[in-house]
Amino acid sequence: MKHDLTHIVIPRTWKVRPVLADAQKALEDSIAQLKQVTNPSEAFVIQRITGLPNIIASVAIAC
């Protein structure tokens, strides 16, 4: 049985926009975190490595 969803009325009291905005922000944050994990920038890696106690020097190399 198919439902006709073309005439759905959403009451004005529903707060749809804030919910969608929150979901969009969560998605954007998740994508940014995934990019940071899967392909971190050179600057980020150097920053993290230089903060380790046993690392005395670091240089970036091109692959």
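Quick caveat: nothing in here was measured; it's all calculated off a predicted structure. (Residues numbered from 1 in each chain as written. Predicted model: local features only at pLDDT ≥ 70, side-chain atom pairs only at ≥ 80, totals over all residues. Heavy atoms only, no water.)

Student: Give a detailed account of the overall build of the chain, specifying residues and quantitative values.
Tutor: In terms of regular secondary structure, the chain is built from two helices and zero strands. Residues counted as buried form 0% of the 63 residues belonging to the chain. Summed over all atoms, the accessible surface of the chain reaches about 6,500 Å², with 62% contributed by carbon and sulfur. (Helix = DSSP H or I, 4+ residues; strand = E, 2+ residues; numbered from the N terminus. Buried < 20%, exposed > 50% of the residue type's maximum accessible area, 1.4 Å probe, protein only. Areas by Shrake-Rupley, 256 points an atom, 1.4 Å probe, with all protein chains shown as cover.)

Student: Provide a residue-level description of the pattern of salt bridges, including the pertinent values.
Tutor: By the definition in use, this model includes one salt bridge. Salt-bridge contacts for Asp-29 lead to Lys-25; the nearest nitrogen and oxygen are separated by 2.8 Å. On the criterion of helical spacing, the pair formed by Asp-29 and Lys-25 is a turn pair, its members being four residues apart in helix α1 (residues 16-38). Look at Asp-29 and you get partly exposed, because its relative accessible area is 34%. Given the relative accessible area of 46%, Lys-25 is considered partly exposed. (Salt bridge = Lys/Arg side-chain N within 4 Å of Asp/Glu carboxyl O.)

Student: Please set out a nonpolar patch on the surface residue by residue, giving values where relevant.
Tutor: Taken together, Ile-8, Ile-10, Val-16 and Leu-20 make up a surface patch of nonpolar side chains, about 370 Å² in accessible area. Turning to its location among the elements, Leu-20 is positioned in helix α1. (Patch = residues over 30% accessible without salt bridge, like charges linked within 9 Å, V, L, I, M, F, W, Y side chains within 5 Å.)

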